[in-house]
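The chain contents come next:
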Amino acid sequence: MKDPGTRLDADYFRQSPVDCARGLIGGLFEWEGAGGVIVETEAYAATGDAACHTAFRPSAREFLDHHSPGDAYVYLNYGVHWLFNVTVKGAGGDGFVLFRALEPVFGIPAMKRRRGMDVIEGLCSGPGKLTKALGIGESDHGREFLTGSRTGISCGKTDVPVQAGPRVGISRAQGLPWRFCAVDSACLSRP
DNA sequence: GATGCGATTCAC
DNA sequence: TGAATCGCATCA
């Protein structure tokens with residue numbers, strides 16, 4: 001990430017999924033009038049990672065083939081929750097970055113309304129909560145959101161301590177330490 | 001067509 | 001601890 005406030009473009013997502021995921025911690029994610037600091041992400045690699053959708057869903061591999069780095073990859077999990085990813089097409093390999101948690105910064109009243117609760121720390125403390133709080137859904141799948149007038153990602157503070165650990169809720173490739181968190185954030189999906 | 005499986009969340 | 005709830009992949 002560069003200087004605070006600098007807007008990320010598609011080129012950022014031309015490095016490896018792991019580098020993208022780690023570097024996004026501390027960035028500001030903006031979505032249609034609401035947004036917050038990215039405090040938790042996970043990396044998924046299109047090759048060599050059994051937990052990535054590309055390993056068991058041909059449609060995910062096809063999505064990568066037909067979309068550009070930085071495009072949104074949104075899907076319905078457990079038939080209940082939409083999960084938000086960013087497409088990565090790096091020199092070292094393609095993949096996705098899953099956004100798992102934000103620290104709410106603005107548009108908080110709208111997020112509270114959509115979530116039906118008032119505790120700020122809990123508004124975006126999980127991948128399904130985050131999409132509900134921001135109003136992300138099916139129609140955003142494939143969207144080129146980095147260049148939108150009301151959507152995008154900008155760089156935050158560069159000195160955010162980041163901790164790596166195993167990814168959450170997966171049954172395959174559990175050993176890889178590809179979950180990244182802002183240390184001591186009160187808004188993580190789990191401590 | 002039928003079946004099984006999730007990168008989750010919340011109530012019981 | 002289990003239900004909710006459905007897209008996608010696989011198999012008959």
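Residues numbered from 1 in each chain as written. Chains lettered and ligands numbered in written order. Predicted model: local features only at pLDDT ≥ 70, side-chain atom pairs only at ≥ 80, totals over all residues. Heavy atoms only, no water.

K.L.:
Explain the pattern of salt bridges here, please?
P.N.:
Opposite charge on two side chains allows them to pair when their charged atoms are near. Using the criterion set out here, one finds 11 salt bridges in the structure. For the salt bridge of glutamate 32 with arginine 143, the shortest nitrogen-to-oxygen distance reads 2.6 Å. A residue pair is termed long-range when its members are at least 10 positions apart, and glutamate 32 in the loop between β1 (28-31) and β2 (34-45) and arginine 143 in the loop between α5 (127-134) and β6 (151-154) qualify at 111 residues. Residue aspartate 140 pairs with arginine 143 through a salt bridge whose shortest N-O separation is 2.8 Å. Accessibility expressed as a relative area gives 4% for aspartate 140, which makes it buried. (Salt bridge = Lys/Arg side-chain N within 4 Å of Asp/Glu carboxyl O. Helix = DSSP H or I, 4+ residues; strand = E, 2+ residues; numbered from the N terminus. Buried < 20%, exposed > 50% of the residue type's maximum accessible area, 1.4 Å probe, protein only.)

K.L.:
Quick question: what am I supposed to make of the protein's contact with DNA strand B here?
P.N.:
Near DNA strand B, the surroundings consist of 23 residues, among which Asn85, Arg115, Gly126, Gly128 and Gly169 are the closest. Put simply, 51% of the atoms of DNA strand B that lie within 4 Å of the protein are in sugar or phosphate. At 3.1 Å, a side-chain N or O of histidine 81 approaches a base oxygen of DNA strand B. Counting only elements with at least two residues in the surface near DNA strand B, the list comes to β3 (72-77), β4 (81-90), β5 (93-106) and α5. Its residues assigned to classes, the surface near DNA strand B comprises 10 nonpolar, 9 polar and 4 charged. (Near = heavy atom within 4 Å. Polar contact = N/O pair within 3.5 Å; in protein donor to acceptor, adjacent residues only side chain to side chain. Nonpolar A, V, L, I, M, F, W, Y, C, P; charged D, E, K, R; others polar.)

K.L.:
Honestly, the packing of aromatic side chains in this entry has me stumped. Any pointers?
P.N.:
Geometry of an aromatic ring pair is reported as the spacing of the ring centres plus the angle between the planes. Counted according to the given criterion, the structure contains 13 aromatic pairs. Here phenylalanine 84 and phenylalanine 145 contribute two aromatic rings whose centre-to-centre distance is 5.3 Å and whose plane-to-plane angle is 75°, an arrangement assigned as edge-to-face. Placement of the pair is phenylalanine 84 in strand β4 and phenylalanine 145 in the loop between α5 and β6, with a sequence separation of 61 residues. Taking NZ or CZ as reference, arginine 167 lies 4.6 Å from the ring centre of tyrosine 44, over its face. Over the aromatic face of phenylalanine 56 sits the side chain of arginine 172, whose NZ or CZ is 4.4 Å from the ring centroid. (Phe/Tyr/Trp six-rings, centres within 6.5 Å; stacked < 30°, edge-to-face > 60°. Lys NZ or Arg CZ within 6 Å of the ring centre and 35° of its normal.)

K.L.:
Sorry, what's going on with the nonpolar core here?
P.N.:
Buried together is how nonpolar side chains tend to be arranged in soluble globular proteins. Residues Phe29, Phe84, Phe99 and Ile153 are the most contacted members of the largest nonpolar core, which totals 42 residues. For this core, the element with the most residues is β2, which contributes 5 residues. If sequence neighbours within four positions are ignored, phenylalanine 84 has contacts with Phe29, Trp31, Ala72, Tyr73, Val74, Val97, Leu98, Phe99, Thr131, Ile136 and Phe145. (Core = buried A, V, L, I, M, F, W, Y, C linked by side-chain atoms within 4.5 Å. Contact = heavy atoms within 4.5 Å.)

K.L.:
Any chance you could explain the packing of helix α3 (residues 108-115) against α5 here in plain terms?
P.N.:
A pair of packed helices is captured by two measures, namely the crossing angle of their axes and the spacing between those axes. Relative to each other, α3 and α5 sit at 115°, their axes nearing to 7 Å. The angle between α3 and α5 places the two elements in the roughly perpendicular class. As for how α3 packs across α5, the hand of that crossing is right-handed. Contacts between α3 and α5 involve Ala110, Met111, Arg114 and Arg115 from the first element and Lys129, Lys132, Ala133 and Leu134 from the second. Residues of the contact of α3 with α5, tallied by class, amount to 4 nonpolar, no polar and 4 charged. (Axes fitted to C-alpha atoms, helices over the stretch in contact; angles between N-to-C directions. Parallel < 35°, antiparallel > 145°, perpendicular 65-115°, else oblique. Left-handed = near helix turned anticlockwise from the far one by under 90°.)

K.L.:
What exactly am I supposed to notice about the pairing of β1 here?
P.N.:
The side chains of a regular strand alternate, residue by residue, between the two faces of the sheet. Residues Phe29 and Trp31 line the buried face of β1, whereas the alternating positions Leu28 and Glu30 sit on a face that is not buried. Bridge analysis of β1 against β2 gives 4 bridges, and the strand direction is antiparallel. Across the sheet, residue phenylalanine 29 finds its bridge partner in β2, namely glycine 36. Hairpin connection of β1 to β2: 2 residues between the antiparallel strands, including glutamate 32 at a positive phi of 50°. The pairing of β1 with β6 spans 4 bridges and is antiparallel. (Pairing = 2+ DSSP bridges.)

K.L.:
Would you take a moment to explain unusual backbone geometry for this structure?
P.N.:
Most of the time, phi is negative for any residue but glycine, and the peptide bond is trans. Positive phi outside glycine occurs at glutamate 32, with the angle close to 50°. For glutamate 32, a relative accessible area of 31% puts it in the partly exposed group. A positive phi angle is found at aspartate 184, which is not glycine, with a value near 65°. By the element assignment, aspartate 184 lies in the segment after β8 (179-182).

Shape is all these values report; function is a separate question.
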